[in-house]
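# Observations on chain architecture
Listed below, chain by chain, are the residues.
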Amino acid sequence: MTLSVKHLLGIKELQKEDIELIFQTADSFKDVLNRPIKKVPALRDTTVANIFFENSTRTRISFELAEKRLSADVVNFSASGSSVSKGETLIDTVHNILAMKVDMVVMRHSASGAPWFLSNHTDASIINAGDGINEHPTQALLDAYSIRERLEDVKGKRVVLVGDIMHSRVALSNIFCLNKLGAEVMVAGPPTLIPKHIQELGVKVEYNVKKALQWCEVANVLRIQLERQHKPLFSTLREYALYYGVNRQMLDSLEKEIVIMHPGPINRGVELNSDVADSKQSIILDQVENGVAIRMAVIYLLSGKREVE
Ligand code: CP
């Protein structure tokens, strides 16, 4: 079995069968990660470049660990401190890295569409680690995988994405992924942070967060992305937390216990309170753990290797 794509640019391009194959492969790698020796020699002949033009903690470390657990050679590039500051173009930067015999590129960039642009100019496989406000495919895969792990299946589950939908690449990738896997999806938050016509992507819209939480089995709470908001879209962070933040009192008032997720980094006390983020309802650290197995699966499958050793 192989993926239907050469690159992982977005979830939009994936088939449901691709996602299921990534999950099955991640299951094998999760077993590897729980062994005393958490490493396989599968990619010992492969070199991967992680090129990050935007800040990251989780995604960057997770990709690097995934590559090292697969025995790949790894090079890391950050835009800060590089020749990008001297005016080098994205294409020139990548061609120079690839000239050093790199097989695969993991890229994060602030420009939506940058990985697609790159994929038209190189033979190496490109993995999108987040492009602008467009997609963050491995985050959506690890999110859906974590729902599958906690609730046994994604199909038929009611999932709400809460918060800054407008600026969230995690939201768009989650919508594509959850829809392909047969979940029911809702977005919730202030009207100014929910794009007009988003229903056309097959999601419900709710402006009352408590009603949304009452409807769902899983709430994936998203970060308020102030760095992408060029005009104020709500009055203050305090008011946002009061009306749209997820807190213990709100969860305790529901008639059921729901699963809480967050892709990180969390603005504690704004979109999510610590008494929820650190509670047993939260699977936030499971998401992070699963990220390594999911990224191992994606890299392994795109490399065209056949067996998990
Ligand atoms: N979830 C996520 O993308 O986190 P980082 O920005 O820390 O990589």
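What you are looking at is a predicted structure, and each value in this text was computed from that prediction instead of being measured.

### A closer look at the domain arrangement of the protein chain
Segmenting the protein chain into domains produces domain 1 (11-136 + 288-303) and domain 2 (137-287). On a C-alpha basis, the centres of domain 1 and domain 2 stand 25 Å from each other. Each partner contributes residues to the interface: domain 1 has 31 residues there, and domain 2 has 30 residues. Overall, the association of domain 1 and domain 2 removes approximately 2,700 Å² of surface from exposure, summing both partners, and the carbon and sulfur fraction of that is 60%.

### A word on the packing of aromatic side chains
Evaluated as defined, the whole model comprises five aromatic pairs. With a centroid separation of 5.4 Å and 70° between ring planes, the pair formed by Phe 23 and Tyr 145 is classed as edge-to-face. Of this pair, Phe 23 sits in helix 1 (residues 16-33) while Tyr 145 is found in helix 5 (residues 137-151), placing the two residues 122 residues apart along the sequence. You'll find Phe 23 and Tyr 145 in the same group, each marked buried. When the centroid spacing of 5.1 Å and the interplanar angle of 45° are considered together, the rings of Phe 234 and Tyr 240 count as tilted.

### Here's the deal with the pairing of strand 2 (residues 73-78)
Bridge count for strand 1 (residues 47-52) against strand 2 is six bridges, and the pairing is parallel. Bridging across to strand 2, Asn 50 finds its partner in Asn 76. For the crossover from strand 1 across helix 2 (residues 58-69) to strand 2, the handedness is right-handed.

### Overview of the site of the ligand
The environment of the ligand is formed by Ser 56, Thr 57, Arg 58, Thr 59, Arg 108, His 136, Gln 139, Pro 263 and Gly 264. Taking Thr 59, its side chain carries an N or O atom lying 2.6 Å from an oxygen atom of the ligand. One of the side-chain nitrogen or oxygen atoms of Gln 139 is found 3.1 Å away from a nitrogen atom of the ligand. In the complex, 91% of the free accessible area of the ligand, which totals 250 Å², lies under the protein chains. According to the grid-proximity analysis, the pocket containing the ligand is the largest pocket. Classifying every residue of the shell around the ligand by side-chain character gives one nonpolar, six polar and two charged. Counting the residues that make up the shell around the ligand, at least three belong to each of domain 1 (11-136 + 288-303) and domain 2 (137-287).

Rules of the game
Residues numbered from 1 in each chain as written. Predicted model: local features only at pLDDT ≥ 70, side-chain atom pairs only at ≥ 80, totals over all residues. Heavy atoms only, no water. Domains from an automatic or database assignment. Contact = heavy atoms within 4.5 Å. Buried area = accessible area lost by both parts, 1.4 Å probe. Phe/Tyr/Trp six-rings, centres within 6.5 Å; stacked < 30°, edge-to-face > 60°. Helix = DSSP H or I, 4+ residues; strand = E, 2+ residues; numbered from the N terminus. Buried < 20%, exposed > 50% of the residue type's maximum accessible area, 1.4 Å probe, protein only. Pairing = 2+ DSSP bridges. Right-handed = clockwise from strand over helix to strand, strands pointing away. Near = heavy atom within 4 Å. Polar contact = N/O pair within 3.5 Å; in protein donor to acceptor, adjacent residues only side chain to side chain. Areas by Shrake-Rupley, 256 points an atom, 1.4 Å probe, with all protein chains shown as cover. 1 Å grid on protein atoms, 1.4 Å probe; cavity = no way out; pocket = protein on both sides within 12 Å on 5 of 7 lines; lining within 4 Å. Sits in = over half its atoms within 2 Å of the grid points. Nonpolar A, V, L, I, M, F, W, Y, C, P; charged D, E, K, R; others polar.

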